[in-house]
There are 2 protein chains.
Amino acid sequence: MTAFESEADRSILELGRLAAERALSDAACEPSDVASLHVGNALAGELNAQAGIANALVSRLGVEGARADRVENTSASGASAIHRGVEAIAGGADVALVVGVEKMSGGETAAVTESISRLVHEREYAQGLTLPSFAGIAADAYLDRYDVPREALATVAVKNHENAVHNQFAQFRTSVTAEEALESPVIAAPLRLFDCCSMTDGAAAVVLSREGDVSVEGVAGATGTHAVAARPDPLKITSVRTAGERAFARTACDRDDVDVACIHDAFTILELLELEELGFYDAGTAWRATQAGETALDGQLAVNPGGGLKARGHPLGATGVSQIVELVWQFRGDAPTARQVPGEPETGLAINVAGFGNNSVCTVLSG
Amino acid sequence: MTAFESEADRSILELGRLAAERALSDAACEPSDVASLHVGNALAGELNAQAGIANALVSRLGVEGARADRVENTSASGASAIHRGVEAIAGGADVALVVGVEKMSGGETAAVTESISRLVHEREYAQGLTLPSFAGIAADAYLDRYDVPREALATVAVKNHENAVHNQFAQFRTSVTAEEALESPVIAAPLRLFDCCSMTDGAAAVVLSREGDVSVEGVAGATGTHAVAARPDPLKITSVRTAGERAFARTACDRDDVDVACIHDAFTILELLELEELGFYDAGTAWRATQAGETALDGQLAVNPGGGLKARGHPLGATGVSQIVELVWQFRGDAPTARQVPGEPETGLAINVAGFGNNSVCTVLSG
């Protein structure tokens, strides 16, 4: 992957190329080995004046002849591209290259926010709701329903920022205290600045093939109801639950086997809700487990050892692929010691979510 | 499919929904049968203020729970989405719904042109080159290299417009004479108005499953060199050639078996070049075959019985899917008599091209 930064001194194509070349090098593959290129990207057309990004990247990489396409699933574009690559291998390709890339600094902040908000159901968009709005409403409901102290949200931010201190690729590499998180400016009450992920530039890439030291045990996706107000329970993100169930169903693993997980913490509340939807914790209890250190690097289930979206940053199309990259490093023991999950992790899970649970893609890996 | 129109009185989501519901009805499938939804669309973000179009369409169709994504490959987004759907079935899904949709009237003409031109290599974009430019240069080279009369280009326009007279879904349903075509305003010499496809709104959809009366014998894609100037020969669209070879290699068919073909005639010259690259005719001879009527409805190889991009219209993401729809109707004998390919066609080919040959996807069907 490339460093995830607020404003990368590289074009979107250069970011994609850099990550891809690093992955090809790591896999000891030549561009001519690549049969299939899949690019995960959400907003290149809106923000970077780039149409046909996959085809432009083909020539940057020197993989002319390979088939190629771009896969878009807003913030889960990366995992959807991974899913696409896996099915390309199943369909006969020997080597598939998956690149997730986003350059959010390509547009003015207001334009970026507007482009993202256009994934919201038109009725809710018209009412002025944004992703932070939904997250704030959900956080408020969670704290209320389960009688949770608001410090619980800060625990997630503290953990993920601490992990990112040792991640050279992370956007934010400074730790934060619970007090700082709790006193930071309100974004969408009760969520504050340190409860919300950032806008980021970056790219991540993965080479898929028929052999290797890390296996994709299962990958699956599921969609939910577009309008949050139309859901039976706004605290239930059914697409996450269903994607997780389907992914595990394709494997011989179950939740207890998972040593390390990359969870889509676009907002701190989402880390808690997703851990519950995935069945790692009962409803309303993930916050206690987090406070008890169960999701720390040395906990029962290491969550977001790379910093998560919160601290590593969230370049929309790149995130899902960077989650896979992080898991591969963890399996190989290649993460910096200070954030290496101990005990030789062997089973990992990644969940990448589009919108406020519009679409989730879950991947289970072993290595 | 929906009617292809200059300015549909439906939103982009309504267009997609309408085509999808028609396909589901034709397949006797319920929304709950759909395991996988793939949306082919090029510019919804730029032109229609729609992010995450696949996820928005999920709720419009009532297929929540299905996995979904959008596939983008500029003008070949439709065929890439078909390819995605086929591999989803290979990966385990029982029923995949593929919807191609574009609403180009969503933006001002200048904005649409700008968005499309952003697929051009940045160096050539900076020089003011557009897709019509490349096509004009290629047409000029073709006429010169093979000593072809310019009337040859008009023959393609006349044929495709004539076919579309009997296509209720086509954007243009009036025939045109060779004289009218040859006298129409110059767009990019020697190409004139009737040599160039239009901007269109429309949607097309296909239900893929493990059984049915029409089979996808093979589908394959290939990319070419991004910058046209960097290609050894601007008259060789290698991505078309390679995609065709790969598609046939996956089947038990060869070119002689093909009864009917949907060729990507974004410009009349492209119909000729692609027929040659696909091996149906030797280089520089497709124009003679067209003039001799070999590609007419009752010819040896019926080309673009639905009117092609030229007369049916070219809603970017929908076109590749509409080519498949046309072939299915031809196999079933469901096309209006006046444009039904006689003799019970059994093998068909569709070629969908992104940019000026940046990326091509070829599908071979039997029915």
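Rules of the game
Residues numbered from 1 in each chain as written. Chains lettered and ligands numbered in written order. Predicted model: local features only at pLDDT ≥ 70, side-chain atom pairs only at ≥ 80, totals over all residues. Heavy atoms only, no water. Phe/Tyr/Trp six-rings, centres within 6.5 Å; stacked < 30°, edge-to-face > 60°. Buried < 20%, exposed > 50% of the residue type's maximum accessible area, 1.4 Å probe, protein only. Salt bridge = Lys/Arg side-chain N within 4 Å of Asp/Glu carboxyl O. Helix = DSSP H or I, 4+ residues; strand = E, 2+ residues; numbered from the N terminus. Pairing = 2+ DSSP bridges. Contact = heavy atoms within 4.5 Å. Axes fitted to C-alpha atoms, helices over the stretch in contact; angles between N-to-C directions.

- If you check an unreviewed UniProt entry, chain A appears there as Acetyl-CoA C-acetyltransferase from Halobellus clavatus.

**Regarding the packing of aromatic side chains**
All names here are of chain B.
Here's step 1: Scanning all chains against the criterion turns up 6 aromatic pairs over all chains.
Here's step 2: Pairing Tyr 142 with Tyr 146 gives two aromatic rings, centres 5.2 Å apart and planes at 65°, and the pair type is edge-to-face.
Here's step 3: A relative accessible area of 0% means that Tyr 142 is categorised as buried.

**Section: the pattern of salt bridges**
Here's step 1: Within the structure shown, the criterion is met by 30 salt bridges over all chains.
Here's step 2: Of the charged contacts, one joins Arg60(A) and Glu122(B) as a salt bridge, the two residues approaching to 2.9 Å between their closest N and O atoms. With Arg60(A) in helix 3 (residues 53–61) and Glu122(B) in helix 6 (residues 122–126), the pair connects residues from two separate chains.
Here's step 3: One salt-bridge network, held together by shared partners, links Arg67(A), Asp69(A), Arg84(A) and Glu87(B).

**Describing unusual backbone geometry**
Here's step 1: Following Ala189(A), the chain continues into Pro190(A) via a peptide bond in cis, with omega recorded as 5°.
Here's step 2: Mapped onto the secondary structure, Pro190(A) falls in the loop between strand 4 (186–188) and strand 5 (191–192).
Here's step 3: At Asn304(A), a position not held by glycine, the phi torsion is positive, near 55°.
Here's step 4: If you trace the backbone, Asn304(A) turns up in the loop between strand 9 (302–303) and helix 13 (308–312).
Here's step 5: Even without a glycine there, the phi angle at Ala28(B) is positive, about 55°.
Here's step 6: On the secondary structure map, Ala28(B) appears in the loop between helix 1 (12–26) and strand 1 (36–40).
Here's step 7: Residue Ala28(B) is classed as exposed on the basis of its relative accessible area, which comes to 67%.

**Focus: the sheet that holds strand 7 (residues 215–223) of chain A**
Residue and element names in this part refer to chain A.
Here's step 1: Read from one edge to the other, the open sheet built from 5 strands follows the order 7-11-10-8-9, with strand pairing classed as mixed. This sheet does not close on itself; its edge strands, each paired only once, are strand 7 and strand 9.
Here's step 2: Contacting strand 8 (260–262), strand 10 (347–354) and strand 11 (359–366), helix 14 (residues 316–332) runs over the sheet at an angle of about 170° to strand 10.

**Observations concerning the pairing of strand 11 (residues 359–366) of chain B**
Residue and element names in this part refer to chain B.
Here's step 1: By the criterion of burial, strand 11 is predominantly enclosed, with 8 of the 8 residues buried.
Here's step 2: By the alternation rule, side chains of strand 11 split into Asn 359, Val 361, Thr 363 and Leu 365 and Ser 360, Cys 362, Val 364 and Ser 366, which are all buried.
Here's step 3: The sheet contact formed by strand 7 (residues 215–223) and strand 11 spans 8 bridges and is antiparallel. What sits directly across from Val 216, in strand 11, is Leu 365.

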